[in-house]
Amino acid sequence: AQSVAQPEDQVNVAEGNPLTVKCTYSVSGNPYLFWYVQYPNRGLQFLLKYITGDNLVKGSYGFEAEFNKSQTSFHLKKPSALVSDSALYFCAVRASYSGAGSYQLTFGKGTKLSVIP
Amino acid sequence: DTAVSQTPKYLVTQMGNDKSIKCEQNLGHDTMYWYKQDSKKFLKIMFSYNNKELIINETVPNRFSPKSPDKAHLNLHINSLELGDSAVYFCASSKRDSKYNEQFFGPGTRLTVL
């Protein structure tokens, strides 16, 4: 079974400061990792993904994430936070093997990011 | 153009009623999903459907049934609604066979059971 842990329910950061939202995962086989963002009363929007290759992946709105296989982590980062980044962030994992159910994503419980002006 | 759309956006109903939520995607995807997001924002897969293959999360009550008239639509029917069914339901779609499996989400349907 695959699982995702987001250890922080909430992260507060001052505008202009760097931000990190943490994610660790557990899967059998190679992981496909994703970050999604949910703004209030909206659906989830895809931010970025790691499939293979460079451990640092860049995504939308200036976000990036670093894949660390030894630590089974995929932390989301941004060098300078904006107030408009305030939202709920979800990490998700999909195992790379094929088979029934393999295309399903397993989501973490979400981390609320608040950027303080 | 909206990629994944859901109707209605809000649904308020009484316990015991039967209701449906519609979902349509115009992305040409071949896999569609239904998720339930509870009051704590926890997101849980309910169903995934691809070319007439239905994968059901075993924890979903059989009062919930997805129906797909064609590849672009996956509707959710709920019978005998209960208070605990109150949640936000999200439809999503993706390309199943692509390893680049981003899912595209609809705006959600907020169901309130009174």
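In what follows, the structure referred to is the one given above.
What counts and what doesn't
Residues numbered from 1 in each chain as written. Chains lettered and ligands numbered in written order. Predicted model: local features only at pLDDT ≥ 70, side-chain atom pairs only at ≥ 80, totals over all residues. Heavy atoms only, no water. Helix = DSSP H or I, 4+ residues; strand = E, 2+ residues; numbered from the N terminus. Rg over C-alpha atoms; globule rule 2.2 N^0.38 Å. Buried < 20%, exposed > 50% of the residue type's maximum accessible area, 1.4 Å probe, protein only. Contact = heavy atoms within 4.5 Å. Areas by Shrake-Rupley, 256 points an atom, 1.4 Å probe, with all protein chains shown as cover. Lys, Arg positive; Asp, Glu negative; His and termini not counted. Charge placed at Lys NZ, Arg CZ, Asp CG, Glu CD. Core = buried A, V, L, I, M, F, W, Y, C linked by side-chain atoms within 4.5 Å. Buried area = accessible area lost by both parts, 1.4 Å probe. Salt bridge = Lys/Arg side-chain N within 4 Å of Asp/Glu carboxyl O. Nonpolar A, V, L, I, M, F, W, Y, C, P; charged D, E, K, R; others polar. Polar contact = N/O pair within 3.5 Å; in protein donor to acceptor, adjacent residues only side chain to side chain. Phe/Tyr/Trp six-rings, centres within 6.5 Å; stacked < 30°, edge-to-face > 60°.

1. Remarks on the overall build of chain B
Secondary structure assignment for chain B yields zero helices and eleven strands. Ordering the α and β elements of chain B from the N terminus gives β-β-β-β-β-β-β-β-β-β-β. In terms of overall dimensions, chain B is globule-like: its C-alpha atoms have a radius of gyration of 13 Å, near the 13 Å expected for 114 residues. Expressed along its principal axes, the backbone C-alpha trace of chain B runs to roughly 40 × 30 × 30 Å. Sorting the 114 residues of chain B into buried and exposed places 46% on the buried side. Sequence-distant contacts, at least 24 apart, represent 55% of the contacts inside chain B between residues at least 6 apart. When the accessible surface of chain B is split by element, carbon and sulfur atoms take 50% of a total near 5,900 Å². In chain B, 15 side chains carry a positive charge and 12 a negative one; their mean positions are 3 Å apart.

2. Some points on the nonpolar core
What tends to happen in soluble globular proteins is that the nonpolar side chains get buried as a cluster. Trp35(A), Leu47(A), Leu48(A), Phe74(A), Leu76(A) and Tyr89(A) are the most contacted members of the largest nonpolar core, which totals 28 residues. Elements supplying a minimum of two residues to this core: strand 2 (10-14), strand 3 (19-21), strand 5 (31-38), strand 6 (44-50), strand 8 (64-68), strand 9 (73-78), strand 10 (87-95) and strand 12 (111-116) of chain A. Among the elements that line this core, the one with the most residues is strand 10 of chain A, at four residues. Not counting chain neighbours up to four residues away, the residues in contact with Phe74(A) comprise Cys23(A), Leu33(A), Phe34(A), Trp35(A), Leu48(A), Lys49(A), Tyr50(A), Val57(A), Ala65(A), Glu66(A), Phe67(A) and Cys91(A). Ranked by size, the runner-up nonpolar core spans 20 residues in total, among them Val4(B), Cys23(B), Phe47(B) and Tyr89(B).

3. As for the interface of chain A and chain B
Each partner contributes residues to the interface: chain A has 21 residues there, and chain B has 23 residues. Both faces considered, chain A and chain B share a buried interface measuring about 2,000 Å² in area, 57% of it formed by carbon and sulfur atoms. Ionic pairing is found between Glu102(B) and Lys49(A), a salt bridge with its closest N-O pair at 3.0 Å. Looking at the side of chain A that touches chain B, the elements with two or more residues in it are strand 5, strand 6 and strand 10 of chain A. A total of four residues in the side of chain A that touches chain B trace back to one element, the largest contributor, which is strand 5 of chain A. For the side of chain A that touches chain B, the per-class residue count stands at twelve nonpolar, five polar and four charged.

4. Side note on the side chain of Arg63(B)
Residues and elements named next belong to chain B. Looking at the secondary structure, you find arginine 63 in the loop between strand 6 (53-56) and strand 7 (64-70). Residue classification places arginine 63 among the buried positions, given a relative accessible area of 13%. Only 3.5 Å separates the side chain of arginine 63 from the side chain of glutamate 82, close enough to count as a polar contact. Within the local environment of arginine 63, its side chain forms a polar contact with the side chain of aspartate 85, the two groups lying 2.8 Å apart. Filtering out sequence-adjacent residues up to four positions away, arginine 63 remains in contact with His77, Ile78, Asn79, Ser80, Leu81, Glu82 and Asp85.

5. A word on the packing of aromatic side chains
Inspection of every chain in the model, using the stated rule, returns 16 aromatic pairs over all chains. Relative to Phe67(A), the ring of Tyr25(A) has its centre 6.2 Å away and its plane inclined at 25 degrees; by these criteria the two rings are stacked. With Tyr25(A) in strand 4 (residues 24-26) and Phe67(A) in strand 8, this residue pair connects regions lying 42 residues apart in the sequence. Just as Tyr25(A) is buried, Phe67(A) falls in that class too. The structure contains a cluster of three or more aromatic residues connected by ring pairs, namely Phe34(A), Tyr36(A), Phe46(A), Phe90(A), Phe107(A), Tyr33(B), Tyr35(B), Phe90(B) and Phe105(B).

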